[in-house]
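What the coordinates show
Listed below are the residues making up each chain.
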Amino acid sequence: MSKILLEIQGLRKQYGTLEVLKGVDCTMREGEVISIIGSSGSGKTTMLRCINMLEEFQGGHIRLAGEEIGYDHAGATRKRKSEKDIARQRAMTGMAFQQFNLFPHMTALQNVMLGLLKVKKMPRDEAHAIAEKWLDRVGLAGRGGHYPGQLSGGQQQRVAIARAIAMAPQLMLFDEVTSALDPELVGEVLQVIKGLAAADGMSMLLVTHEMRFAYDVSTRVIFMNQGVICEEGDPKEMFVNPKTERLAEFLKTSSFT
Ligand SMILES: Nc1ncnc2c1ncn2[C@@H]1O[C@H](COP(=O)(O)OP(=O)(O)O)[C@@H](O)[C@H]1O
Ligand SMILES: [Mg+2]
């Protein structure tokens, strides 16, 4: 079995008095593709944002590639890491969102190159070569000179995915990357993600409402309900024989056919 990449233990997160994550435990190995499913408000986005340190959390541990994320623990107390360390740890993950957030005044190529130049301080020609390689890998060879406004939603999302992956993260986080797309553009984005999982062996944690995709692509599925992992397992098993009433209910209302 491959090495453990991500280990989450007892993760707790509150917004004010609202408990959103109530003790999440999860272990992920290198090369795994895990889909997180669950109804709106169950804490899926919050979990991804904690891994990426876009949110602070109040309790528990997140370890990524052997590193304790976000806080240094000493006995029962803990201290937030320095901003420099947090920025470095944040770069261990790449994230793609529902909204693509490309810079509209920059071409696709410039969007992908930006982080390589500014964050990785890469020489221009090297950054250019890497950006072209990833645009090619997401099916956008020859579109590098286009501005976001000249691309379809599906193409823009593929640029956003190329931009995240070009930074060579150890783990990719996808949060409902097809939810803002017109139905006819969903397939091309899912196809790209599928290709990255298969050909590049990239480790991925993805929140999705695309049940067929979760079924076909995931090595494992996590079903979240009200801030905890309610059920997890092999998609082939879980979708056919849900163990909990809640998952059975959820699958009934979702579009898995
Ligand atoms: N910034 C925030 N401030 C307060 N409450 C929030 C914030 N973000 C999310 N929540 C609440 O946390 C809960 C979980 O949200 P979220 O993680 O976005 O769920 P999901 O992605 O599963 O739909 C919801 O009740 C939501 O209203
Ligand atoms: Mg969400």
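Right above here is the structure, for reference.
Quick summary incoming for the structure in this document. (Residues numbered from 1 in each chain as written. Chains lettered and ligands numbered in written order. Predicted model: local features only at pLDDT ≥ 70, side-chain atom pairs only at ≥ 80, totals over all residues. Heavy atoms only, no water.)

Around ligand 1 sit Tyr15, Leu18, Val20, Ser39, Ser40, Gly41, Ser42, Gly43, Lys44, Thr45 and Thr46, and that is every residue in its neighbourhood. Measuring from an oxygen atom of ligand 1, one finds a backbone N or O atom of Gly41 at 2.7 Å. In the environment of ligand 1, an oxygen atom lies 2.5 Å from a nitrogen or oxygen atom belonging to the side chain of Thr46. Within the complex, the protein chains bury 59% of what would otherwise be the 560 Å² of accessible surface of ligand 1. For the shell around ligand 1, the secondary structure elements donating two or more residues are strand S2 (18-29) and helix H1 (44-51). In terms of residue count, H1 provides more of the shell around ligand 1 than any other element does, three residues in total. (Near = heavy atom within 4 Å. Polar contact = N/O pair within 3.5 Å; in protein donor to acceptor, adjacent residues only side chain to side chain. Areas by Shrake-Rupley, 256 points an atom, 1.4 Å probe, with all protein chains shown as cover. Helix = DSSP H or I, 4+ residues; strand = E, 2+ residues; numbered from the N terminus.)

Another aspect to go through is the pairing of strand S12 (residues 228-233). As paired elements, strand S11 (residues 220-225) and S12 share five bridges and run antiparallel to each other. Paired with Phe223 across the two strands is Glu231, which belongs to S12. Between S11 and S12, which follow one another and run antiparallel, lie two residues, and Gln226 among them has a positive phi close to 45°. (Pairing = 2+ DSSP bridges.)

Of all hydrophobic cores here, the largest spans 42 residues; its most connected members are Val159, Ile161, Met172, Phe174, Ile193 and Met204. Every element with two or more residues in this core is listed here: helix H3 (108-118), helix H4 (124-137), helix H5 (153-166), strand S9 (171-175), helix H6 (183-200), strand S10 (204-207) and helix H7 (211-217). For this core, the leading source of residues is H6, giving eight residues. With residues up to four places along the chain from it excluded, the contact list for Ile161 reads Ala96, Phe174, Val189, Ile193 and Leu196. Core analysis: the next-biggest nonpolar cluster, separate from the first, contains 31 residues, Val20, Met95, Leu171 and Val207 among them. (Core = buried A, V, L, I, M, F, W, Y, C linked by side-chain atoms within 4.5 Å. Buried < 20%, exposed > 50% of the residue type's maximum accessible area, 1.4 Å probe, protein only. Contact = heavy atoms within 4.5 Å.)

A few words on the pairing of strand S3 (residues 33-37). The two faces of the sheet receive side chains in turn, since in a regular strand these alternate between them. Of all five residues in S3, five are buried, a share of seventy percent or more. Here S3 shows a buried face lined by Val33, Ser35 and Ile37 and a second buried face lined by Ile34 and Ile36. Relative to S10, S3 runs parallel, the two being bridged by four bridges. Residue pairing for S10: Ile34 is matched across the bridge by Leu205.

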